[in-house]
Amino acid sequence: MELGKLKLNRFKIELHTSDGDYAFECEFKDGLNVIRGDNSSGKSTLINALIYSIGMEELVGGQGTKSLPYTLKDHLLSPTEAKCSIISSFVYLEITNTSEKTVVLKRSIKSDTKSPKLIEVIQGAYLTDPDKNYAVQPTYIHDKGSAQHLQTGYFRYLEDFLGIQLPKVSSSTGGETKLYLQCIFSALLIEQKRGWTDYLANIPYFAIREAKLKVIQYILNLDVFENERKRDQNLAEIAELTTKWAEECSLLQLVSESEEMIVRGVPSKPDVDFEKALTTIFKHYKGEDVALPDYHRTLISLLRDIEQKSSNHEPQSSEQLHRYNEAKSSLKDLISMSDRLSTELCLSSSRLRNHQENLSSLSEDLEKNKVARKLKSFGAENSLEIAKDQCPSCHQAVDDALMLADTMFYPMTIDENISYIEKQKKMVARYIVGLEGQIQELTTQSNSVAREIVEQKSMVLSLKRDLQSSDSIQESDIRLKIQAEESLNRSNETSAKIDQSLDKFIILRDALKGLKKDLNSIPKSLSKSDFNKIATFEIDFRELADKFGYRSASTEDIEINKGTLFPYLAGIELREMQTDIKSDSSASDFVRLIWSYVISLYRTSRENSGNHFGILVFDEPAQHSMAIEHVKELLSTVASETGLQTVVAASFDQRDDIYRDCVGDTKHHLIRLPPKLLQPAQAR
């Protein structure tokens, strides 16, 4: 049989009580598995424990052991009806993936040493072959990071084990969130209490917008699902670009206002029609806004007029020449100092980057150690009994005597590691603060020297011109000349910065054009492939609803709504018929719809390379006195589905003849429960 993404192999419940050990263990096979048990025998306890073992108890009623009955965590009755207190209890589930890798999930229900938030992944078929030694990977659940950390987060581990990468979907609070595994499993695991009240009745709340629709789109692998994801991602990138545009506008305003300039032609919001050539820079000069080129021409003309004031050249005094040489020497010293400061600044910046990288690495190490401490606090062990005194690679025995006494060392504990890393972080953080202060000081010195260089260059230039000019130049002309030169230099520097900023707007504009082009190319409606998949889904659903005896309406009039992907009749979603008195027939008809919906969802997914995990679990699907022939059709249908493993728990009205009539000649694996699910271990 073709293997689905997930296959159940074996399941075990293990209890340690004041009256000794109690347990239940069963094997699951390919195809249909029927769990038959009388009322109060523990069918629902078994199903809930199975759901708990795979970490999906939120489908039943909250995180942790809340959904489990007292017989698994408080007390049970012995064969003599004596009340036995439960000391500790565990569940084990052996599963296999498409790569035929097998692991066992071990999770505590009640334990003094292991938290229910700990799921130990035993690397191998421990339940099938318990005599071998296996490595154990501790993971944690229902705690921060359990859906993100690949090695230690349980949900992230299971996602990787299944060979899938769950997509990001739109959150009802804005932004994106992951389409969590628990949401997907709501279409696969249907428990008795609430599971038959609605389509995907037990889907947990994770603030996912249209969560049910997203689950169905994912399982069917619709293009629209990927298109919506692309559209949301594209819109998020446009929003980010809008923020960058606004930030660049603010920076441009700061730069221009520093020299009393105004830049016109830059829109406040991203615009695909923005053109750099259509922008204009104005300078506020003598009470007016003057175009920057005109302002520059005015300054250049002023400087030319000053230089042309004198045409006489007289021999210069030795004092003037001395002053000129001293100024040149000072300029050279300043340039040397600037080079030295630049070198020190580069070195300090490099050291800062190294320390920042070190701090980041220490933060990662600290997080890893904290996760390890978390796992340890949940009960994970460094060496478990099933692998004790074994080499983790070759599983050969390791003798303590091979370790010489004088080579013994004692590694730090996790808490010591954390304390050490935190101290290292504080020390590195102090270094960073010191370097940041040093860099700030060097930057201030460098800027100061740079200004001195500009001033000294102006002085050298002035002295040089003095040597070449007559004594008739007035001091006011010299001062005016210096001011004009400085204004021109500052204006040119600011203009260059503005030009760089405008280039950034061009880059943002081009990026916006690309994003809008991509956005327009994303189909807003269903693709041809999606229409075909939904049409197949609809045909399968109608066929199964008719096969299972749905009679509240003509199945030919039922359609799968393209917007919600749920069954509709005359524009109204098909649910349990609501009348003044809810009749058994309408209630049972709605259960038939759920059968049809869940199975056709798998069938369509399999036929169209979808993302179904290839497993269904039904707890008491024969609700509301369902007719035997329809239950028989259900069992026959799931048994015949290629690649599907189904677990059905039912009482069959506690009658052998009804059981035989329901299963008929359908191939199945029977798991017959004893009068009480949990039996003394020695009696198994």
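Note that the structure is a prediction, hence the values are computed from the model and not measured.

Rules of the game
Residues numbered from 1 in each chain as written. Predicted model: local features only at pLDDT ≥ 70, side-chain atom pairs only at ≥ 80, totals over all residues. Heavy atoms only, no water. Helix = DSSP H or I, 4+ residues; strand = E, 2+ residues; numbered from the N terminus. Buried < 20%, exposed > 50% of the residue type's maximum accessible area, 1.4 Å probe, protein only. Contact = heavy atoms within 4.5 Å. Areas by Shrake-Rupley, 256 points an atom, 1.4 Å probe, with all protein chains shown as cover. 1 Å grid on protein atoms, 1.4 Å probe; cavity = no way out; pocket = protein on both sides within 12 Å on 5 of 7 lines; lining within 4 Å. Points joined across faces, edges and corners; volume = space filled by probe spheres on them. Nonpolar A, V, L, I, M, F, W, Y, C, P; charged D, E, K, R; others polar. Axes fitted to C-alpha atoms, helices over the stretch in contact; angles between N-to-C directions. Parallel < 35°, antiparallel > 145°, perpendicular 65-115°, else oblique. Pairing = 2+ DSSP bridges. pLDDT = per-residue confidence, 0-100. Core = buried A, V, L, I, M, F, W, Y, C linked by side-chain atoms within 4.5 Å. Salt bridge = Lys/Arg side-chain N within 4 Å of Asp/Glu carboxyl O. Phe/Tyr/Trp six-rings, centres within 6.5 Å; stacked < 30°, edge-to-face > 60°.

### Side note on the overall build of the protein chain
At step 1: Along the protein chain, the regular secondary structure elements total 14 helices and 21 strands.
At step 2: Put simply, the protein chain has 684 residues, and 46% of those count as buried.
At step 3: Intrachain contacts of the protein chain at a sequence separation of at least 6 include 69% that bridge at least 24 residues.
At step 4: Accessible surface computed for the protein chain: about 35400 Å², of which carbon and sulfur atoms make up 49%.

### With respect to the layout of surface pockets
At step 1: Approximately 540 Å³ is the volume found for the largest pocket.
At step 2: Secondary structure elements with two or more residues in the lining of the largest pocket: α1 (43-53) and β4 (75-77).
At step 3: Examining the composition of the lining of the largest pocket, we find that 4 residues originate from one element, α1, more than from any other.
At step 4: Along the lines of polarity and charge, the residues of the lining of the largest pocket split into 9 nonpolar, 10 polar and 6 charged.

### Considering the packing of helix α5 (residues 211-220) against helix α6 (residues 223-257)
At step 1: Contact pair α5 / α6: the axes reach a minimum separation of 7 Å and the direction vectors enclose 120°. Looking at the two axes, α5 sits oblique to α6. Listed contacts from α6 to Lys214, Gln217 and Tyr218 of α5 are Val224, Phe225 and Glu228.
At step 2: Split by residue class, the contact of α5 with α6 holds 3 nonpolar, 1 polar and 2 charged.

### Describing the pairing of strand β6 (residues 102-110)
At step 1: Where burial is concerned, most of β6 is hidden: 8 out of the 9 residues are buried.
At step 2: Two elements, strand β5 (residues 83-97) and β6, share 8 bridges in a ladder whose sense is antiparallel. Its bridge partner being in β6, threonine 96 is matched across the sheet by threonine 102.
At step 3: From the end of β5 to the start of β6, which pair antiparallel, there are 4 residues, and glutamate 100 there has a positive phi angle of about 60°.
At step 4: Note that β6 and strand β7 (residues 118-122) share 4 bridges and pair antiparallel. Looking at the pairing, arginine 107 lines up with isoleucine 119 of β7.

### Details of the sheet that holds strand β14 (residues 288-291)
At step 1: Taken in spatial order, the 3 strands of this open sheet run β12-β13-β14, and their pairing is antiparallel. Each edge of the sheet is formed by a strand with only one pairing partner; in this case those strands are β12 (261-264) and β14. Ignoring strand direction, the axes of neighbouring strands in this sheet form an average angle of 35°.
At step 2: Note: β12 against strand β13 (residues 280-285), 4 bridges, orientation antiparallel. When the bridges of β13 are listed, valine 263 appears paired with isoleucine 281.
At step 3: Contacting β12, β13 and β14, helix α7 (residues 292-307) runs over the sheet at an angle of about 90° to β14.

### Overview of the pairing of strand β20 (residues 669-672)
At step 1: What you see with β20 is a clean split: His669 and Ile671 sit on the buried side and Leu670 and Arg672 on the side with no burial.
At step 2: Direction of pairing for strand β3 (residues 32-36) relative to β20: parallel, over a ladder of 4 bridges. Bridge assignment links asparagine 33 to a residue of β20, and that residue is histidine 669.

### Brief notes about the sheet that holds strand β16 (residues 567-569)
Working definition: the strands of a sheet are paired by backbone hydrogen bonds and lie parallel or antiparallel to each other.
At step 1: Read across the open sheet, the 3 strands follow the order β15-β16-β17; overall the sheet is antiparallel. Where the open sheet ends on each side, the last strands, each with one partner, are β15 (558-560) and β17 (572-573).
At step 2: With 2 bridges joining them, β16 and β17 adopt antiparallel strand pairing. In the sheet register, leucine 569 faces β17, and the bridge partner there is isoleucine 572.
At step 3: Here helix α11 (residues 528-547) sits on the sheet and contacts β15 and β16; the angle it forms with β15, its principal contact strand, is near 145°.

### Considering the confidence of the model for the protein chain
One rule of thumb: low pLDDT means the predicted coordinates there are not for detailed reading.
At step 1: For the protein chain, per-residue confidence averages 84 on the pLDDT scale, and 87% of positions sit at 70 or higher.
At step 2: Scored below 50 in pLDDT, residues 382-410 shows 21 contacts in the model against residues more than four places distant or in partner chains.
At step 3: Between residues 577-585, whose pLDDT stays under 50, and residues either more than four places distant or in other chains, the model counts 7 contacts.

### Observations regarding the nonpolar core
At step 1: Formed by 117 residues in total, the largest nonpolar core has its most connected members in Phe11, Met56, Leu158, Leu181 and Phe185.
At step 2: Beyond its immediate chain neighbours, meaning those up to four positions away, methionine 56 contacts Ile51, Phe155, Leu158, Leu181, Gln182, Phe185 and Leu189.

### Here we look at helix α3 (residues 154-161)
Residue pairs three or four apart in sequence face the same way in an α-helix, which turns once every 3.6 residues.
At step 1: Counting buried positions over the 8 residues of α3 gives 6, a clear majority of the element.
At step 2: If you check which residues of α3 are buried, you get Tyr154, Phe155, Tyr157, Leu158, Glu159 and Phe161.
At step 3: On its buried face, α3 is in contact with β5, β6, β7, β8 (136-140), β10 (176-178) and α4 (181-185).

### Digging into the pattern of salt bridges
At step 1: In total, this model carries 31 salt bridges according to the counting rule given.
At step 2: The partner of lysine 12 in a salt bridge is glutamate 14, and the shortest N-O contact between them spans 3.3 Å. In this pair, the class of lysine 12 matches that of glutamate 14, namely buried.
At step 3: Several salt bridges share partner residues, and in doing so they unite Asp540, Glu543, Arg603, Arg606 and Glu641 into one network.

### Quick notes on unusual backbone geometry
At step 1: At histidine 142, a residue that is not glycine, the phi angle is positive and equals roughly 55°.
At step 2: With respect to the element layout, histidine 142 can be found in the loop between β8 and α3.
At step 3: The backbone of glutamate 620 shows a phi angle near 50°, a positive value even though the residue is not glycine.

### Concerning the environment of valine 34
At step 1: Assignment of secondary structure puts valine 34 in strand β3.
At step 2: Under the relative-accessibility criterion, valine 34 is labelled buried at 0%.
At step 3: The sequence separation of valine 34 and valine 648 amounts to 614 residues, and the corresponding C-alpha distance is 4.9 Å.
At step 4: Among all residues touching valine 34, those that are not within four sequence positions of it are Val648, Phe652, Tyr659, His668, His669, Leu670 and Ile671.

### Some details on the packing of aromatic side chains
At step 1: In this structure the tally under the stated criterion is 18 aromatic pairs.
At step 2: Both rings, one in tryptophan 245 and one in phenylalanine 274, keep their centres 5.9 Å apart while their planes meet at 85°; by these two values the pair is edge-to-face. Taken together, the residues tryptophan 245 in helix α6 and phenylalanine 274 in the loop between β12 and β13 connect sequence positions 29 residues apart.
At step 3: According to the relative accessible area criterion, tryptophan 245 is buried, its value standing at 0%.
At step 4: Note on phenylalanine 274: relative accessible area 3%, which makes it buried.
At step 5: Judged by centre distance (4.9 Å) and plane angle (65°), the rings of tryptophan 245 and phenylalanine 505 are edge-to-face. Taken together, the residues tryptophan 245 in helix α6 and phenylalanine 505 in helix α10 (residues 475-521) connect sequence positions 260 residues apart. The pair tryptophan 245 / phenylalanine 505 is uniform in exposure class, with both members buried.

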